[in-house]
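Structural features, examined
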Amino acid sequence: MGVTYEPDDGTTTAPTPHCPECEFLQDRYETGHGRYILLEFRRELPSYDVPAGQRWLIRSDGKAVNTGEAELPATTRCRFPHRIVCPCSNPPSGTTLRALWEYNSGVAPRLDPPAAEAG
Ligand SMILES: [Zn+2]
């Protein structure tokens, strides 16, 4: 599972491609399997704000690794696929992801994700 991006043969790929749906910039990372994943541009969240299976960590060699169903320490911050918060997708569950989706959708005038202890 997960959206991957594979460059066409013989074409130059931009280092920061745009989402084909909403045209927002994304960060492209190579995975350990010679494929590419498009992650939300320059944004990371605490692991507990991202569903298991959608959490990506960037290794020291610059490659992205999906942590699968592994439990991560609460202090771990991780990356996540843009498509979760793409305004052309359905709104995600989860307060923080939903806030990001609303921000990307232009519903929220600015990004102001609620603090974990708020409410
Ligand atoms: Zn998008």
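The structure displayed is predicted, hence computed values, not measured ones.

A count of helices and strands for the protein gives 2 helices and 6 strands. Each helix (α) and strand (β) of the protein, taken in turn from the N terminus, gives the series β-β-β-β-β-β-α-α. Nonlocal contacts in the protein, meaning residues at least 24 apart in sequence, comprise 47% of its contacts between residues at least 6 apart.

Bringing unusual backbone geometry into the picture now. Not every positive phi belongs to a glycine, and E23 is a case in point at roughly 70 degrees. Topologically, E23 is positioned in the segment before β1 (26-30).

Across soluble globular proteins, nonpolar side chains show a tendency to be buried alongside one another. One finds I37, L39, W56, F80, V85 and L97 to be the most contacted residues of the largest nonpolar core, which totals 15 residues. Counting only elements with at least two residues in this core, the list comes to β2 (36-40), α1 (82-85) and α2 (95-105). Ignoring sequence-local partners within four residues, the contact set of V85 consists of E40, P92, L97, L100, W101 and N104.

With that out of the way, let us pick up α2. Those residues of α2 not exposed but buried are L97, L100, W101 and N104. Projection of α2 onto a plane perpendicular to its axis shows the buried side chains occupying an angular sector of 100 degrees, all on one side. Residues of α2 that are buried make contact with α1. Remark: G106 follows α2 within two positions and exhibits a positive phi of approximately 85 degrees.

What follows concerns the pairing of β2. Across the 5 residues of β2, 4 count as buried, placing the element largely inside the fold. In terms of strand pairing, β1 meets β2 through 5 bridges, oriented antiparallel. Looking at β2, one finds that E30 is bridged to Y36.

Attention now moves to the confidence of the model for the protein. Regions with low pLDDT carry predicted coordinates that are not meant to be interpreted in detail. Mean pLDDT over the protein works out to 83, with 76% of the residues at or above the 70 mark. In the predicted structure, residues 7-12 sits below a pLDDT of 50 and forms 1 contact with residues beyond four places in sequence or in another chain.

By the secondary structure assignment, T67 is in the loop between β5 (64-66) and β6 (77-78). A C-alpha to C-alpha distance of 5.8 Å links T67 and R55, two positions 12 residues apart in sequence. When sequence neighbours within four positions are dropped, the list of residues in contact with T67 reads R55, L57 and L72.

So, about the environment of V107. Structurally, V107 is set in the segment after α2. V107 gets classed as exposed once you count the C-beta atoms within 10 Å, which come to 12. With 20 residues separating them along the chain, V107 and P87 place their C-alpha atoms 9.7 Å apart.

Mapped onto the elements, I58 comes out in strand β4 (residues 56-58). In this structure the C-alpha to C-alpha distance between I58 and E30, which are 28 residues apart in sequence, comes to 9.6 Å. Apart from the residues lying within four places of it in its own chain, the contact partners of I58 are Y29, A64 and R79.

Rules behind the numbers
- Here the residue index of a chain counts from 1 through its sequence in written order.
- Residues qualify for local features only when their pLDDT is at least 70, as the model is predicted, and side-chain atom pairs are given and counted only at 80 or more; totals for whole chains, interfaces and linings, by contrast, use all residues.
- A run of DSSP states H or I qualifies as a helix once it reaches four residues; a run of E qualifies as a strand once it reaches two. Both are numbered from the N-terminal end.
- Contacts are defined on C-beta atoms placed from the backbone: any two residues whose C-beta positions lie within 7 Å are in contact.
- In this usage, the nonpolar core is the set of buried Ala, Val, Leu, Ile, Met, Phe, Trp, Tyr and Cys residues whose C-beta atoms join them within 7 Å.
- With C-beta atoms placed from the backbone, a residue counts as buried when 20 or more other C-beta atoms lie within 10 Å of its own, as exposed when 12 or fewer do, and as partly exposed for counts between those limits.
- Throughout, the arc means the angular range of directions from the helix axis out to the C-beta atoms.
- Two strands qualify as a pair provided DSSP detects at least 2 bridges between them.
- For every residue, the predictor states its confidence as a pLDDT score lying anywhere from 0 to 100.

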